Amino acid sequence: MIAQARITSDTTATVHLADETVEVSGADLPEIRDRVKQAFITSAKATGQDIAVVIVEPHVRHHLLVEPTGRITGREADDRPLYGPGIDDPLIAPPTDDTADLSSIDQAALRGPVTGEHAAIGSPATGEHAAIGSPATGELPTVRPHGARRRRAAAMPPSTLPAARGGSGPSGVSAVSGTSASLAASAGSGPSATSAVSASSAASAPSALSAPSAPSAMSASSAPSAMSAPSARSALSAPSAPSAASASSASSASPAPSSRPASRTAQETARKRPLPARTVPEKDAHRPTLQDLQSSTSKREKVKATRGVPGFITRLTGGVISPRPNRRERMETERLERIRRPLEGPRNIAVVNLKGGAHKTTASLMVAATLGVTRGGNVLAWDNNETRGTLGWRGIPTDHHRTAVDLLHDIETLRAPAASNADLDPYVRPQGEMRFDILASDEDPGSAASIDETAFADLNDALSRFYRIKVIDTGNNVRASNWLAAVKSADQLVIVSTVREDTFNAAAWMIDELRATGLAEQVDHAVTILSHSSKGKFDPTLRSRLLAHFGAHTRAVTEVPYEQQFVDGSHLDWPRVSAKTKEAWLDATALIIDGL
């Protein structure tokens, strides 16, 4: 079964879980979405299991997987049944406490003034309700229903109004779209007997007020109370006994009800019945939609071969004869589509190994360059080394030498609402045709040490405004606070090792350490990259051992070949990188993006 959240308006939603249904409310749509996600995360933590969920909005559906750690990732839609209504059922806003169905009130209450000890509160002519008068003055100030409440009431079908379930309203006066009823405050015999009933029909109308000190006394057929005790305290300025006198004295000051016939008022009530919330209409098989029109006029573009013999025939005939791409080219196209797929927000990729010389910096550069070339920018390679890092040296040099420490000192510049990418230019180092930027670490180890966990979080939050993907090169200290912060923030962990005993042993020890410190989930989701550090083929037995070991711990293992350009540690020159190396890093990058 799949848990479901139905966002019925900008301020309401209903979450259907396995064992309960939760009504969610908020000030606006972003707050509603946040609270819905928190409800799913709380349920996942309580069960200790991943929860497949779907969030249904008027024009979009989000298929997600919520994990007990709070991580939320996208998933493919499937046909499993849902908790709650069907996914295509109309979105109906939940009942609010500001509306009530007063259709059962005796129409005689609308025909004339109330006599005796009951004071008229509402006027059918104006639809306005008056608050109960103050015992000191007896005045009845007019209270107009709030505009937002009127809009919420108009969005609710009559069957969902709270009168059917006895809900209590916060305001003490029930409002129905454009219609009011004459309610009265009854003079009780003590502090526990104050309640408001209809002027003529106490058996059918809900009570308008309940005493602060005790539950409302119900007459005739036990009508539900429409105001809770705290609300009654805000509406009444004295205990229940003086309220009777105040209501009696107010009867002469209340405005006279309209002389409009009751039947006409009833007709207007029917005409002003709240409308149901707008939903996506069901598709009529006999009537085409806009999508049908667009699909019938657009022509599907034929995929033409560009490589191999099929590509040669396409070029030779100018496209007149265009064979289908071969299997290799189709796989390459599919891989590029994986890398270029849209993400739902900024993402972090942390490249880790506790041994120097494990090709972490090389991997960070190649992943960032591959993403920049294939996705088109908005990629940052960030040197988060707790000592002196070399990522800045390995990139294309710039005129300035500012680093992450300088950016941290001026972090308020990036936090300003008017901040733009141009404000980053004095701190990052553009990498030309590779279309990514580098944020270098400070060359002074003492200064670099100032980037602790808090500083990392500040930089990460600010940089997330400007970069879709951040590839974070890390240091060698598993207990450094900025190292741990980078790993914890990572949406994808990349474990890099050369095929040397010292580096792959360091990677294996790091995996054990991460599992021991509660970061096993990051390891399970990680990608391992084995980088060949020499031209010759290494021992096939050793290769099998490494693939088996890291394959048992991480989501995927891939290999990248030896590249002469990486040996001397010079600046990365993308045109000089061999096609075979670029191909291997495309495969590795596609695996990384799959995890985002």
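Look up a bit, the structure's there.
Residues numbered from 1 in each chain as written. Predicted model: local features only at pLDDT ≥ 70, side-chain atom pairs only at ≥ 80, totals over all residues. Heavy atoms only, no water.

### Describing the overall build of the protein
Across its full length, the protein holds 19 helices and 18 strands. Burial statistics for the protein: of 596 residues in total, 45% are counted as buried. Partitioning the intrachain contacts of the protein with sequence separation of at least 6 by distance along the chain shows that 69% fall at a separation of at least 24. Looking at the protein as shown, the accessible area adds up to about 29800 Å², and 52% of this sits on carbon and sulfur atoms. (Helix = DSSP H or I, 4+ residues; strand = E, 2+ residues; numbered from the N terminus. Buried < 20%, exposed > 50% of the residue type's maximum accessible area, 1.4 Å probe, protein only. Contact = heavy atoms within 4.5 Å. Areas by Shrake-Rupley, 256 points an atom, 1.4 Å probe, with all protein chains shown as cover.)

### What to know about the side chain of Ser43
Mapped onto the secondary structure, Ser43 falls in helix α1 (residues 29-47). Among the residues examined, Ser43 registers a relative accessible area of 16% and is labelled buried. Leave out the neighbours within four places in its chain, and Ser43 touches Leu17 and Ile51.

### Overview of the sheet that holds strand β5 (residues 60-66)
Spatial strand order, β3-β2-β1-β4-β5-β6: six strands in an open sheet with mixed pairing. Looking along the sheet, the strands with just one partner apiece sit at the ends: β3 (21-25) and β6 (72-74). The mean inter-strand angle of the sheet, taken between neighbouring strand axes irrespective of direction, is 25 degrees. Bridge count between strand β1 (residues 3-7) and strand β4 (residues 51-57): four bridges; the pairing is parallel. (Pairing = 2+ DSSP bridges. Axes fitted to C-alpha atoms, helices over the stretch in contact; angles between N-to-C directions.)

### A look at the packing of helix α14 (residues 453-463) against helix α15 (residues 481-489)
Across the interface, α14 lies against α15 with an axial gap of 7 Å and an inter-helix angle of 40 degrees. One way to sum up the angle between α14 and α15 is to call them oblique. Crossing of α14 over α15 shows right-handed handedness. Here Glu453, Phe456 and Asn460 of α14 come into contact with α15, specifically with Ser481, Asn482, Ala485, Ala486 and Ser489. Among the residues making up the contact of α14 with α15, the classes are represented as three nonpolar, four polar and one charged. (Parallel < 35°, antiparallel > 145°, perpendicular 65-115°, else oblique. Left-handed = near helix turned anticlockwise from the far one by under 90°. Nonpolar A, V, L, I, M, F, W, Y, C, P; charged D, E, K, R; others polar.)

### Brief notes about the nonpolar core
Ranked by size, the top nonpolar core spans 36 residues in total, and within it Ile349, Leu371, Phe436, Val471, Ile529, Leu572 and Trp585 carry the most contacts. With near-sequence residues (within four places) excluded, Trp585 lies in contact with Ala363, Met366, Val367, Thr370, Ile529, Val560 and Phe566. (Core = buried A, V, L, I, M, F, W, Y, C linked by side-chain atoms within 4.5 Å.)

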